[in-house]
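Observations on the three-dimensional arrangement
The chain contents come next:
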Amino acid sequence: MEKIIALCKRRGFIYPGSEIYGGLANTYDYGPAGAELLRNIRNLWWDNFVHKRDDVVGLDASVISHQEVWKASGHTSGFADAMIDCKNCKFRMRADHLIEEKTKEKVEGKSIGELEEIIKNNPKITCPNCGKHNWTDVRKFNLLFPVNLGIVEGDQSLAYLRGETAQGMFINFKNVVDSSRVRLPFGIAQLGKSFRNEITPGNSVFRTLEFEQGEIEYFFDPEISNWEKLFEEWKKIMWDFITKKLSINGENLRWREHDEKERSFYSKKTEDLEYKFPFGFKELWGIAYRTNYDLTQHGKFSNKDLSITDPQTNKKIIPHVIEPAVGINRMLLMILSDSYTEEKDRVVLKLNPKLAPYKAAVFPLLANKPELVEKAKKIYHDLRKNFVTVFDGRGNIGKRYFAQDEIGTPFCITVDFETLENDTVTIRDRDSMKQERVKIEDLIPQIVKKLG
Ligand code: ATP
């Protein structure tokens, strides 16, 4: 993990947030390579789940939302973690994470009292910061970020930054039905930032205060569609997206079903697709059958009728939902972990070329020969009309290959003296390191073909 974090900093993927002011825990900024990688993940997700499906439409809801949204959804009362403080050094962490870290036991779903008992009765559960076993009581801590709007203080101006994108789909359910041609079963999908006041630090962008989610609410009539069948179909879609579109090794993935204690009370079934991060198997993508709990709650709290008439049965129903919910930043961390490869003389990110921040890099063999630089610049300008390309004239050729391997650039193109004679260049493949000589006019079609 440390090596991946160092590479991310060195090559412009991820920087610690507010770094020049000493940093701000659990926040990160994405550099030039990271911003491109995030964008590529988002675009693939959107293309796959919105553009390529007849039965899913997109949404982009506000990040700031009415306090009633979060009362109705249960987040103002129930969206809380149990935290504990070390009396000796004041270190704060999530009680469940503390136990899991120290005992390797899963304790999700246990009550505050149960967590407290485990910690107080086990002297081996010591503070990860100072090593003492001297804990406060376990307390609940709400994860929602409140915001005060305008200049009026008090409850009237209170709103929340959304804790999940899902509620946007529920509160706009009627708007979408009335303004588009969706028919059950159908999905509403959204990509966007969510905010949670998380207290457990560490592990780079795995858990942050601000993160991006890709969520789909797939609405259906339970009398017509079999939820168990739909659930299995979505699981397969999620698995295929990760293994085929993102090219992640299936051996590093597993499903884990939540037991009754861990599951939200309104959910009939929840499973997590877990990835084997360098710090262990952890949730990447959750799928839950949320029944029609959310729409029913919003109907009650808003006094609006959120039922629709199913044209197949002519019955008024409040549809049920299956929700696949993933974190885009966790996907990015998974992709970096899965593609990080150490070889004899180099480190290389063996990214799926579709995800690579830059598809090609163009170099003049020597940076102090204007005729080589000019020719290389011309090729660079032509290539970047087709795909994201970088130009690198610094250092020697070996250093440039080394840098591009660490960024995961699939193709490096070098302009040398032979180029000036016969309009050919060398193209080097990131993974095999093989170099081929090709005509400049064949470069674009060849790279397009290789990108697939
Ligand atoms: P966890 O148990 O790890 O806190 P969760 O079960 O609360 O996650 P969900 O509410 O199901 O997570 O959110 C859906 C997805 O959003 C998760 O699978 C994860 O990929 C992502 N996610 C949730 N919280 C964070 C966070 N603080 N930082 C980054 N990604 C997150």
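Structure: see above.
Treat the numbers as computed from the prediction; the structure is a model and nothing was measured. (Residues numbered from 1 in each chain as written. Predicted model: local features only at pLDDT ≥ 70, side-chain atom pairs only at ≥ 80, totals over all residues. Heavy atoms only, no water.)

Looking now at the overall build of the protein chain. Along its length, the protein chain carries 15 helices and 24 strands. Overall, the C-alpha framework of the protein chain stretches about 75 × 65 × 50 Å when taken along its three principal axes. Across the protein chain, contacts joining residues at least 24 apart in sequence account for 65% of those joining residues at least 6 apart. Summed over all atoms, the accessible surface of the protein chain reaches about 22000 Å², with 50% contributed by carbon and sulfur. Measuring between centres, the 69 positive side-chain charges of the protein chain sit 2 Å from its 67 negative side-chain charges. (Helix = DSSP H or I, 4+ residues; strand = E, 2+ residues; numbered from the N terminus. Contact = heavy atoms within 4.5 Å. Areas by Shrake-Rupley, 256 points an atom, 1.4 Å probe, with all protein chains shown as cover. Lys, Arg positive; Asp, Glu negative; His and termini not counted. Charge placed at Lys NZ, Arg CZ, Asp CG, Glu CD.)

Applying the stated criterion to the full structure yields 23 aromatic pairs. Relative to Phe 279, the ring of Phe 277 has its centre 5.3 Å away and its plane inclined at 10°; by these criteria the two rings are stacked. Among the aromatic residues, those joined into a ring-pair cluster are Trp 45, Trp 46, Phe 49, Tyr 218, Trp 234, Phe 241 and Trp 285. Here Arg 254 stacks its cationic end above the ring of Phe 281, 4.1 Å away from the centre of that ring. (Phe/Tyr/Trp six-rings, centres within 6.5 Å; stacked < 30°, edge-to-face > 60°. Lys NZ or Arg CZ within 6 Å of the ring centre and 35° of its normal.)

Looking now at the site of the ligand. Around the ligand, the surrounding shell holds 15 residues, and the nearest of these are Arg 196, Glu 198, Arg 207, Glu 283 and Leu 284. Glu 198 places a side-chain nitrogen or oxygen 2.8 Å from a nitrogen atom of the ligand. Between an oxygen atom of the ligand and a side-chain N or O atom of Arg 330, the distance comes to 3.0 Å. Taking 590 Å² as the accessible area of the ligand by itself, protein coverage stands at 85%. Of all the elements in the fold, those that place two or more residues in the shell around the ligand are strand S11 (210–220), strand S14 (280–291) and strand S17 (320–327). Sorting elements by how many residues they give to the shell around the ligand places S14 first, with four residues. (Near = heavy atom within 4 Å. Polar contact = N/O pair within 3.5 Å; in protein donor to acceptor, adjacent residues only side chain to side chain.)

Moving on to the sheet that holds strand S7 (residues 139–142). On the basis of which strands lie adjacent, the open sheet formed by three strands has the order S6-S5-S7 and antiparallel pairing. At either margin of the open sheet sits one strand with a lone partner, and together these are strand S6 (92–94) and S7. Neighbour to neighbour, the strand axes of the sheet diverge by 45° on average, direction disregarded. Packing against the sheet, helix H5 (residues 95–103) makes contact with strand S5 (80–85) and S6, and its axis sits at approximately 80° to S6. (Pairing = 2+ DSSP bridges. Axes fitted to C-alpha atoms, helices over the stretch in contact; angles between N-to-C directions.)

Taken together, three strands build an open sheet; the order of strands is S4-S9-S8 and the sheet is antiparallel. Lying at the two open borders of the sheet, with one neighbouring strand each, are strand S4 (64–66) and strand S8 (145–148). Within this sheet the neighbouring strands show an average axis-to-axis angle of 45°, counted without direction. Pairing geometry for S4 and strand S9 (residues 158–161), over three bridges, is antiparallel. Residue pairing across strands places Ser 65 opposite Tyr 160, the latter belonging to S9.

Turning our attention to the nonpolar core. Within soluble globular proteins, side chains that are nonpolar tend to cluster in buried spots. One finds Phe 13, Trp 45, Ile 242, Leu 246, Trp 285, Met 331 and Met 334 to be the most contacted residues of the largest nonpolar core, which totals 60 residues. For this core, the element with the most residues is helix H2 (residues 32–51), which contributes eight residues. Contacts of Trp 45, omitting those with residues within four sequence positions, involve Val 50, Ala 189, Gln 190, Leu 191, Gly 214, Glu 215, Ile 216, Phe 241, Trp 285, Val 326 and Met 331. In terms of nonpolar packing, the next biggest core, distinct from the first, is built from 18 residues, Ala 166, Val 182, Leu 184 and Ile 308 among them. (Core = buried A, V, L, I, M, F, W, Y, C linked by side-chain atoms within 4.5 Å. Buried < 20%, exposed > 50% of the residue type's maximum accessible area, 1.4 Å probe, protein only.)

Locating Ile 188 in the fold gives a position in strand S10 (residues 186–195). When its relative accessible area of 0% is taken as the criterion, Ile 188 is described as buried. Distance from Ile 188 to Gly 395, taken between C-alpha atoms, is 49 Å for residues 207 residues apart in sequence. If we skip the residues at most four places from it in the chain, Ile 188 touches Val 57, Leu 59, Met 169, Phe 173, Val 176, Glu 215, Ile 216, Glu 217 and Phe 219.

In this section: the side chain of Ser 339. Its place among the elements puts Ser 339 in helix H11 (residues 328–339). By relative accessible area, Ser 339 is classed as buried at 5%. With residues near it in sequence (within four places) discarded, Ser 339 still touches Val 348, Leu 349, Lys 350 and Leu 351.

Turning to the packing of H5 against helix H6 (residues 112–121), a few remarks are in order. Interaxial distance between H5 and H6 falls to 10 Å at its minimum, and their mutual angle equals 40°. One element, H5, and the other, H6, form an angle in the oblique class. H5 and H6 meet at a crossing whose hand is left-handed. In this structure, H5 contributes Ala 95, Asp 96, Leu 98 and Ile 99 to the contact, and H6 contributes Leu 115, Ile 118 and Ile 119. For the contact of H5 with H6, a count of residues per class yields six nonpolar, no polar and one charged. (Parallel < 35°, antiparallel > 145°, perpendicular 65-115°, else oblique. Left-handed = near helix turned anticlockwise from the far one by under 90°. Nonpolar A, V, L, I, M, F, W, Y, C, P; charged D, E, K, R; others polar.)

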